[in-house]
Structures are given as C-alpha cells and as structure tokens.
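An overview of the molecular structure
Listed here are the chains, written in short residue letters.
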Amino acid sequence: MLSYTLKRLALAIPTLLIVITISFFLMRVAPGGPFDGERQLPPEIEANLKAAYHLDEPLPMQYLRYMGNLLQGDFGPSFKYKDFSVTELIVQGFPVSLELGFWAILLALAIGLPLGVIAALKRNSSIDYLVMSIALGGIAVPNFVIAPLLALVFGVLLAWLPAGGWNGGAWQNMLLPVIALSIQQIAYIARMMRASMIEILSSHFIRTARAKGLSESEVIWRHAMRPAMLPVVSYLGPAIAGIITGSVVIEQIFGIPGIGRYFVQGALNRDYTLVMGTVVFYGALIVLLNLIVDLLYSVLDPQIRYDD
Amino acid sequence: MKLNRLFSSTLLSLALGATMLSTAQAATLRINNAAEPGSLDPHKGRNMWDSRIQRELFDRLVDYGPDGRLVPGLASSWDISEDGMTYTFHLRDAQWSDGTPITAHDAAFSLHRLLRPEIANQNANLYYAIVNAPAVNAGRAAPETLGVHVLDDRTLEITLNQPTAYFLQSMAMSEAAPLPEHYLKAQGDNWIKPDQTVVSGPFRLTQWQPQAQVVLEKNPRFYDADAVKLDEVIFYPIDDDNGALNRFRAGSIDISYSGVASARYEWVKENLPDALRSGPLVGEYFYMFSLRDGTPLADKRIREALNLATRREVITEQILGMGQQPSYWLVPRVTSGGAKGKMAFADEDMTARMTRARQLMKDAGYGPGNPLTLTLRYNTSEDHKKIAVALAAMWKPLGVNVQMLNSEAAVHYAAIDQGDFEIARYGMIATVNDPFDFLGAYTTDGSAGNSTGYHNADYDALIERSTHELDPDKRAALITQAQQLLLDDYALLPLYDYVTNYLVSPKVKGWQSTPMDVHPLRYISIEE
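Residues numbered from 1 in each chain as written. Chains lettered and ligands numbered in written order. Predicted model: local features only at pLDDT ≥ 70, side-chain atom pairs only at ≥ 80, totals over all residues.

1. Focus on the overall build of chain B
The number of helices and strands found in chain B is 17 helices and 19 strands. Its C-alpha radius of gyration of 25 Å places chain B within 12% of the 24 Å reference for a compact globule of 528 residues. Dimensions along the principal axes, computed over C-alpha positions, put chain B at roughly 75 × 55 × 45 Å. Expressed as a percentage of the 528 residues in chain B, the buried residues total 50%. Taking the contacts inside chain B whose residues are at least 6 apart along the sequence as the reference set, 68% of them involve residues at least 24 apart. (Helix = DSSP H or I, 4+ residues; strand = E, 2+ residues; numbered from the N terminus. Rg over C-alpha atoms; globule rule 2.2 N^0.38 Å. Buried ≥ 20, exposed ≤ 12 C-beta atoms within 10 Å, placed from the backbone. Contact = placed C-beta atoms within 7 Å.)

2. Describing the overall build of chain A
Broken down by element type, chain A carries 13 helices and zero strands. In sequence order, chain A lays out its α and β elements as α-α-α-α-α-α-α-α-α-α-α-α-α. Over its C-alpha atoms, taken along the principal directions, chain A stretches across nearly 85 × 60 × 30 Å. Taken across its 308 residues, chain A has 38% of its residues classed as buried. Contacts in chain A between residues far apart in sequence, at least 24 positions, make up 72% of those at least 6 positions apart.

3. Focus on the interface of chain B and chain A
Each side of the interface is counted separately: chain B has 43 residues, and chain A has 45 residues. Counting residues per element, the ones that place at least two in the side of chain B that touches chain A are α1 (2-22), α7 (241-249), α13 (409-417) and α15 (447-452) of chain B. Counting residues per element, the side of chain B that touches chain A draws most heavily on α13(B), which supplies six residues. The residue makeup of the side of chain B that touches chain A, split by class, is 18 nonpolar, 15 polar and ten charged. (Nonpolar A, V, L, I, M, F, W, Y, C, P; charged D, E, K, R; others polar.)

4. Notes on the nonpolar core
Grouped together as the largest cluster of nonpolar side chains are 159 residues, with contacts concentrated most on B:Tyr127, B:Val233, B:Ala305 and B:Leu439. Of all the elements, strand β17 (residues 492-504) of chain B adds the most residues to this core, at nine residues. When residues of this core are assigned to domains, at least three fall in each of domain 1 (2-237) and domain 2 (282-500) of chain B. When neighbours within four sequence positions are excluded, B:Ala305 is seen to be in contact with B:Ala357, B:Leu360, B:Met361 and B:Leu398. By size, the runner-up hydrophobic cluster in this structure holds 49 residues, among which are A:Leu115, A:Ala135, A:Met192 and A:Ile200. (Core = buried A, V, L, I, M, F, W, Y, C linked by C-beta atoms within 7 Å. Domains from an automatic or database assignment.)

5. Quick word on helix α12 (residues 260-268) of chain A
Along an α-helix, residues three or four positions apart point the same way, because every turn accommodates 3.6 residues. For α12(A), the full list of buried residues reads A:Gly260, A:Arg261, A:Tyr262, A:Gln265 and A:Gly266. Immediately downstream of α12(A), the backbone of A:Arg270 shows phi near 55°, a positive value.

6. Overview of the sheet that holds strand β4 (residues 75-80) of chain B
All names here are of chain B. Overall, antiparallel pairing links the four strands, which are arranged β4-β5-β7-β6 in an open sheet. Here the strands that pair on one side only, and so sit at the sheet edges, are β4 and β6 (148-152). Here the strands of the sheet are splayed against their neighbours by 20° on average, with no regard to which way each runs. Of the strands in this sheet, β5 (86-91), β6 and β7 (155-159) touch helix α3 (residues 104-115), which is tilted by about 175° from β6. (Pairing = 2+ DSSP bridges. Axes fitted to C-alpha atoms, helices over the stretch in contact; angles between N-to-C directions.)

7. Details of the pairing of β17(B)
Residue and element names in this part refer to chain B. Among the 13 residues of β17, 13 are classified as buried, and the element is accordingly described as predominantly covered. Pairing of strand β11 (residues 255-256) with β17, which is carried by two bridges, proceeds in the antiparallel orientation. Of the residues in β17, the one forming a bridge with Ser-256 is Leu-503. Bridge count for strand β12 (residues 276-289) against β17 is ten bridges, and the pairing is antiparallel. Across the sheet, the residue bridging to Glu-284 is Asp-497, located in β17. Bridge analysis of strand β13 (residues 325-326) against β17 gives two bridges, and the strand direction is antiparallel. What sits directly across from Gln-325, in β17, is Asp-497.

8. Here's the deal with helix α13 (residues 272-300) of chain A
Residue and element names in this part refer to chain A. Taking 1.5 Å per residue as the helical rise, α13 with its 29 residues ought to reach 42 Å, and the 41 Å between its terminal C-alpha atoms agrees with that figure. Among all positions of α13, only Tyr-272, Thr-273, Leu-274, Val-275, Met-276, Gly-277, Thr-278, Val-279 and Ile-286 are buried. For α13, the secondary structure elements touched by its buried residues are α1 (2-29), α3 (59-71), α4 (86-121), α10 (230-244) and α12. (Expected span 1.5 Å × (residues − 1).)

9. Brief notes about the domain arrangement of chain B
All names here are of chain B. Here chain B is described as being made up of domain 1 (2-237) and domain 2 (282-500). Using only C-alpha atoms to locate each centre, domain 1 and domain 2 end up separated by 36 Å. Of the residues lining the interface, eleven residues belong to domain 1; the matching set on domain 2 comes to ten residues. Of the residues contributing to the side of domain 1 that touches domain 2, the split by class is five nonpolar, six polar and no charged.

10. Regarding the packing of α4(A) against helix α5 (residues 126-140) of chain A
All names here are of chain A. Running from amino to carboxyl end, α4 crosses α5 at an angle of 145°, the nearest separation of the two axes being 8 Å. Considering only the axes of α4 and α5, their crossing is left-handed. Taking contact as the criterion, the partners of Leu-115, Ile-118 and Ala-119 in α4 are, on α5, Ile-127, Asp-128, Val-131 and Met-132. Classifying every residue of the contact of α4 with α5 by side-chain character gives six nonpolar, no polar and one charged. (Left-handed = near helix turned anticlockwise from the far one by under 90°.)

11. What to know about unusual backbone geometry
Most peptide bonds take the trans configuration, and most residues that are not glycine carry a negative phi. Residue and element names in this part refer to chain B. Even without a glycine there, the phi angle at Asp-195 is positive, about 70°. Relative to the assigned elements, Asp-195 resides in the loop between α6 (181-187) and β8 (203-209). Asp-195 sits in the exposed class, given 10 other C-beta atoms within 10 Å. Of note, the phi angle at Tyr-490 is positive, near 45°, even though the residue is not glycine. A tally of 21 C-beta atoms within 10 Å means that Tyr-490 is categorised as buried.

12. Some details on the packing of helix α9 (residues 300-308) of chain B against helix α11 (residues 350-363) of chain B
Residue and element names in this part refer to chain B. It is the contact of α9 with α11, at a shortest axis distance of 8 Å, that shows an interaxial angle of 155°. Between α9 and α11, the angle falls in the class roughly antiparallel. Handedness of the α9/α11 crossing: left-handed. Where α9 approaches α11, its residues Arg-301, Ile-302, Glu-304, Ala-305 and Leu-308 are matched on the opposing element by Arg-353, Arg-356, Ala-357, Leu-360, Met-361 and Asp-363. For the contact of α9 with α11, the class distribution of residues is six nonpolar, no polar and five charged. (Parallel < 35°, antiparallel > 145°, perpendicular 65-115°, else oblique.)

13. Quick look at the pairing of β6(B)
Sheet topology note: the β6(B)/β7(B) ladder contains four bridges and is antiparallel. Pairing of B:Val148 across the sheet is with B:Ile158, part of β7(B).

14. Overview of the environment of B:Thr316
All names here are of chain B. Looking at the secondary structure, you find Thr-316 in helix α10 (residues 312-320). Taking the C-alpha atoms as reference, Thr-316 lies 42 Å from Asn-161; in sequence the two are 155 residues apart. In contact with Thr-316, not counting residues within four places along its chain, are Gln-324, Gln-325, Pro-326 and Tyr-496.

15. Points about the environment of B:His455
All names here are of chain B. Checked against the element boundaries, His-455 lands in the loop between α15 and α16 (457-468). Under the C-beta neighbour-count criterion, His-455 is labelled partly exposed, with 14 such atoms within 10 Å. Residues His-455 and Ile-102 lie 353 residues apart in sequence; the distance between their C-alpha atoms is 46 Å. The residues contacting His-455, other than those within four sequence positions of it, are Thr-444 and Gly-449.

16. What about the environment of B:Thr467?
Residue and element names in this part refer to chain B. Within the secondary structure layout, Thr-467 lies in helix α16. Linking Thr-467 and Leu-478, residues eleven residues apart in sequence, is a C-alpha distance of 9.3 Å. The residues contacting Thr-467, other than those within four sequence positions of it, are Thr-164, Ala-165 and Phe-436.

Laid out in structure tokens, this is it:
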C-alpha cells in the first residue's frame, strides 16, 4: 500500500505539470489583459505596467519564468491585489474556506446519509417520497437562490443571525453559509445513499446474512452500510475538494473571505498569477483527495487491495 | 493543529472581547467599501475603493473639503506664479504617525516615486505637465531631473512645462500624497503593513484581512486630530449589492458605497427614504462610434440619425429611474470648469427628430427596405443589456438592424482599445474634476481618439489652447467651443450623466454627496 501511495504521488507531478502548462497558455489565449479597464491607459503607461509584470517578454519566456518561480514555491504577486502575493492570499483565504467546507460536509453527511438509508429501507413509502422530493428540491434550487433567501429571512426579517460578514469565524456568522453550502450536498448524498443501499440490500451476501438469522439492524449496520457507502465516498473526493476551496456564490453573498472568489474574479480580471495559483492549489488538492478516496476503498471493500 | 487553531481562535475572541470592552465608548463607523482594495499604496491603487481608504491614511498637500471643494491640506497655502508655470507649496507643521516631521522632502520623494517607470502608476500622465515628467516616466531621464525642488524643509516648488489649468486638481489626488521617505527607504516597496505603516492622515491602518475587512484607527498625530470625531473605521468589501442591502437593513453597516441595484431602487426609495442619498457624479455614460474609414459610422449622417432617434428620457426614467440626467454632451454638467454646449436637436420634439433622422438615413442610402446592420458591443451587466435592447428598438424604425455583442469587461475593453467595434458602450468617471478629463480623450492622441479614429484638427487645437488658458472665463469659452465641435460632429452617442445612490444611516452626521464622490471621514461623526 505504501509503494502504491508513492507511485500515485509520483504520477501526480506530471499530471500537475500538464494542468499548469495548459492553464498558463489557455489563460493567455483569452482576449483582454489585466490592465484593460473602463479607463483606457495611455500607451507609455501601459508599457510601464507590462514591463513591471514582465508581460512584455515573449510568452515562452514568461512561461519559463513562471515555472522557475513556481519550483521555488513562489506563485508571484497578484496583479489585482498588489499588496499581497498570491501565496499570502491563498494562505489567508484557505483556512476560512476549509473551515466552512468542513462543517458543510459534516452537516451534509450527518443529514444526507441517514436520510438516504431511511428512504432505502422504507422504499416506495410516503417517507421515501417525501425525502426524495425534498432532495430533488435541494438539487434543483441553486444556492444563489437559497443563500440570499436565508440571509433575508434569518439575517434581516427575523434578525436571529448576522446577514453576512465573517467576524473572525464566529459560529453565528458561519451558520447560514454552512447551511446554504450543504443543502445541495445533503440532497446528492441522500439520493446516492438511497440508490446504493437499495442495490446492496438485494445482493446475495445480504440474503445470506438474513438467512443466518441476523437481526435487521445487524444486517444493515454490519453488512450493508460499508459497501453501500462506496459511491458516496468516491463522490466525496472531488466534492470535498470543491467545497473546501470555496464557493464564489456563497462567499460573495455572505461576504466571506475565502478563496472561492479568487478563481472567478481572478479569471474575469485576467489576474494571471492569481488564477494560476488557485489552479495549482486546486489541482494538487484534487489529486490528493482522490488518492485518499482510493485508499479508503480498500478499507470499505475488502475485495479492493492495492498490492504490488 | 486543530487544538492550535482552537487555542488561537479562543485567544482571538478574548482579544476581541477585550477590545470591545475597552472601546465601549468609542465611535466606530462601519462602511461597505463595495470591493476589496487593490492596494493601499497611493501609487498603486486605481479604483474608488482604493483611494477611499488611501485618502484617510495619507493626506495630500491639497485636500478635499466636506463638500468636495479644494482646501489646504498638508500645505497650509500655495502660490502660483503669474505665468502659471511655478507652484510653490508651503507645508504646515505636521508629523508622521511615528513622530517624524513631514517635510517637503517627503512630498518630493513621493512625486519622484510616482513617476518612476517601475512603479507603473496608472494615473502618472496627469502629472506629465511637470518639467521632464514624461521622460522620467518613460525611463529616459533620471528622477532627479524632474521639475520638483525642495526649497527648504517646509517649501516645495514644482515647475511645469506649460501652464496647466487642472494641475492643482491633480495635486489633490491620492497619488500626490507625500509619503514617509524614511519608512519606505527602510521597508522597500512592500511597505503597507497593518500597525506598522507610517501615515500622515487622520487614520492609521491597524488590520487588513483580504476580502474580510480593513480597520483604521484614529491617528493621534494627525495635525487636526482634535477635530476628528471617529475613533475607528471598518471597511468591508461587500461586492454583492443585495448582500450589502441586507447588511445595511440588519444594521451591521452604517454607510454602503455599493450602488443600489436598479431593480431594488424603488423599494429602497419607499422603505429607506432617510438612508438613500443621491447626488450627481462627474461621470458620463455613452456609446462610442467607430469612425474609421470603411465603417458605416464614418458617415456623419448615420451618426446624427442614431443620436436623433435615441430617446434618452426613456432610458433615464423608464429603464433606470434613479435620477440620472439625460445627456446631449460628453462633459457631465456637474463638472467644474464651465463646459457648456449640447447637441443641436436637444430641445426639439421627437416627431421632428424622427422625420429628420429618417431623411438622413435615406440620404445615406438606408431605410426599412434596405436596412443597415450594425454591431453594438456592451459589457456584462443587467442595466447595460436593458439599455442596449432599448437602443436597438429605438433605431429599428430607421431601418437599422442591431446585432448585440455582449462580452465580459476584460474582452470588451480590449476590443475598444484595439478599435474592434462599430458601436461600443463606454463610461467615464473623472479622475480630476475638470472637462479636460473627458474632452482630452477625444483628441487625436487621446484614448477615445485612438479607439474611434475621431480626428478634428480644430478640436485638437482648441483643447490644447484650453489646457494652457488660466483665465477661468476664457477657458470655459474655449472648452465649450471644443465640446460643441465634437457634438456637431456627432462623434459619440451620449446617454446620461451618472449619479451616485448610496445608503447612509441617519445616525451618520456630516456626510455629503459630492460630485467627485469623496467623503472625507474627518468631517463625519456617528451618533449612538
């Protein structure tokens, strides 16, 4: 298993290199540059700006310069947030997104898994229909609708919780964004868990377990639960990467200082270094989480072994 | 690590609690600054939300008063030579926040730094009137050759290449603020640091968490500190208009500098009448025409027809309805400097206008039977889209088919820069409160002149003369004459003068709407 892990990690390096290279050139192919704004710049000032950020050099040269700096762990200065380096922005923003994402995932699992199991056990009952229609609603209603609604109802009209802001991560400020972030995940997880549980419950080994005379709860908890969670776990890898790297919608609506907005804003502003920094970071995170998921498989399913 | 985090967050909450206790009586103003500042270094920011904070940290020789008029700042007075070429600033007795005296050396250091090419300041051209400034900024001359001289510790002399009417306005901009030479020399270019940065203004920087908040605290060493009523100011970068409105309604911000979204404007007017503060802004919303050879709009008749057929009141009243003024000119009416003039048809009724517009199109060879297809570009925004759709509908009767091309801002402005458009939405908000800021763009070398290909030698000459004319009345006449040429050429499609619509809690006192959108915090207080 150790050598498998090392092999996967070694494979991650060329993967990331390809991701970085493609992103670097894709970003530059996009029309418009970081200094195209409402106020047009005189040519001499544009020249100064380009020189200051080495944008006047040929593209391959810029690429080599970027890769060289990257190898030394330097993501470069942000074009838009000039008082911070990209590293500083990620270092300050990531813990916020991570904390928010952690609670959102936890909440999603704590509600989604039991809901899915209950729906599967009471298949085709009114409880099943209720749970599944709620889940369908959760998937269908986008979070840019849910989030402002939560802020309006609980933040403004009832005034139970702050309508936005981070306030150093106080739980009151975190509650609404966590709920808004998790609603869709709850829905996905519940649906996935239900489908997979239904499939497992009709398999041979469950029939055998029942035939042995085990109680229903023992059948479910000891035998069905673990394999039924496999699809959820494989979904969780990329989902966690997505959630802990922040959501631009949630961050913007609630005014949360995470890194989610850097993806979108960075791309819109042509903040090349910021986009590259987030891409590298996100890429590395996905590779890592996928590896963890694959390792978890062998824990959950004895048929999967990573021998050499 | 988890434990560590928990520990540090407990510490943080304790510290927060302690601060809250100790500042129980402190006056704190909470401002939504509408976006995350790009930089708090006065030479590196370029947006309203940058300078809104920079101005509080770094005072300028020439300052804005509570109503936006120019008043003495770190310079208690100044003399302008008869020929308008030499400005002598007399600095007042003031200190940096670390106790070091603020001298003319700091002011000179800042102007030198501002024009250094590697600083790449985006407004540097507003200082090109200073002797040798263009050469210094292009890296062709040493900063020492700049026409900026320290006569003694408290006297700064600036010599210009030519008299420049708006030069004093430039000196009020955040870029022109003296900077602490001793501190920058020790820190290098990465000198903006909470609790350390040495400042001259009414407030100092105590905290900056990107995308969360910038916190300023009263600077006790500010020269007029006794008059400053606020103890602490928090700037939140809320870039979601509705999020800002929610937080304002919940009472967690006192001033919101996000505009009120047009869809919410009526609601706000109805429900928050005491808080809605509207006023004119030195800014113009218009469409550029590409006048290059071979493009349909090189034909003046078509440009005139499109202008004639545009019902500006429909846009300002029915589409936006937020107090915008229909405009038939480029220089917003609130701009100082006395620019007058308007498109000739401005007061005619719509029937007469449409008849003439149709005739012009017919003369140009187009009509409903033989339509002209034009591409209209706009950048992504709900309001821009609504206006573009309305224009297309207004021009339809002339036999103009409009193809709309929407793109995100970076693509849109790059296309304009390269002259890759027929009709393109544009907006200009003044950096200095002077007609030149708008009209200069349409000179042959100006940014709009470059993009649109507009060229009128008489216009260029008038603008050039107006820049050097120091007599206000004569200058106003020249400016008006120049603008009239531009309008008679129908070189653009003006739509309206901008307004600002901000939310200001009735608890906030001393806040005024100003044309340049400056609201110095030293004149503002808050009642509990």
